[in-house]
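Close look at the chain arrangement
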Amino acid sequence: MRFEVLRTKKGGYSKASVIAKLDALNGLLLAVEEGMPREKAISELERIKQIEIRTEKGGFFGTPGFSVEDTDAYISDLIAMIEKKIQ
């Protein structure tokens, strides 16, 4: 897993959306480590994967958000870690 900071980028992912998804994934990771049943963990992971991450407006008056590339890589690594623990 990468331990890089998510860079801020104009027009990137909405910070609130990213934090909401990361909170859900981290909560699931903690639950799996505490013994959540496998079937329930799998269904919860699928539900979390469906959480939409909104993007901010780009351009001159755009709002800064998290870098799309950094965020996608971080979430992918976190999902892979959870899937490994579920197996």
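Everything quoted here is computed from the prediction, not taken from an experiment.

About the cut-offs
Residues numbered from 1 in each chain as written. Predicted model: local features only at pLDDT ≥ 70, side-chain atom pairs only at ≥ 80, totals over all residues. Heavy atoms only, no water. Phe/Tyr/Trp six-rings, centres within 6.5 Å; stacked < 30°, edge-to-face > 60°. Lys NZ or Arg CZ within 6 Å of the ring centre and 35° of its normal. Helix = DSSP H or I, 4+ residues; strand = E, 2+ residues; numbered from the N terminus. Polar contact = N/O pair within 3.5 Å; in protein donor to acceptor, adjacent residues only side chain to side chain. Contact = heavy atoms within 4.5 Å. Core = buried A, V, L, I, M, F, W, Y, C linked by side-chain atoms within 4.5 Å. Buried < 20%, exposed > 50% of the residue type's maximum accessible area, 1.4 Å probe, protein only. Expected span 1.5 Å × (residues − 1). Arc of directions from axis to C-beta. Lys, Arg positive; Asp, Glu negative; His and termini not counted. Salt bridge = Lys/Arg side-chain N within 4 Å of Asp/Glu carboxyl O.

**A few points about the packing of aromatic side chains**
Applying the stated criterion to the full structure yields zero aromatic pairs. Just above the ring of F66 sits the side chain of K15; from NZ or CZ to the centre is 5.5 Å.

**Brief notes about the side chain of S17**
Structurally, S17 is set in helix α1 (residues 15-33). Reaching out from S17, the side chain makes a polar contact with the side chain of R54 at a distance of 3.2 Å. Excluding its chain neighbours within four sequence positions, the residues that come into contact with S17 are E52, I53 and R54.

**What about the nonpolar core?**
Of all hydrophobic cores here, the largest spans 18 residues; its most connected members are V18, L25, L28, L45 and I82. Contributions of two or more residues to this core are made by α1, α2 (38-49) and α3 (68-86). The biggest single contributor to this core is α1, with six residues. In this structure, L45 is in contact with L25, L28, I79, I82, E83 and I86, ignoring residues within four places of it in sequence.

**Considering α2**
Between the first and last C-alpha of α2 there are 16 Å, a value that for twelve residues agrees with the 16 Å anticipated at 1.5 Å per step. Those residues of α2 not exposed but buried are A41, L45 and I48. End-on view of α2: buried residues confined to an arc of 65°, all on one side of the axis. Those residues of α2 that are exposed and aimed more than 90 degrees away from the buried face are E39 and K40.

**Topic: the side chain of K21**
Within the secondary structure, K21 sits in helix α1. Although buried, K21 forms no salt bridge, and the nearest oppositely charged side chain, D72, lies 7.7 Å from it. In this structure, K21 is in contact with I48, K49, I51, I53 and I75, ignoring residues within four places of it in sequence.

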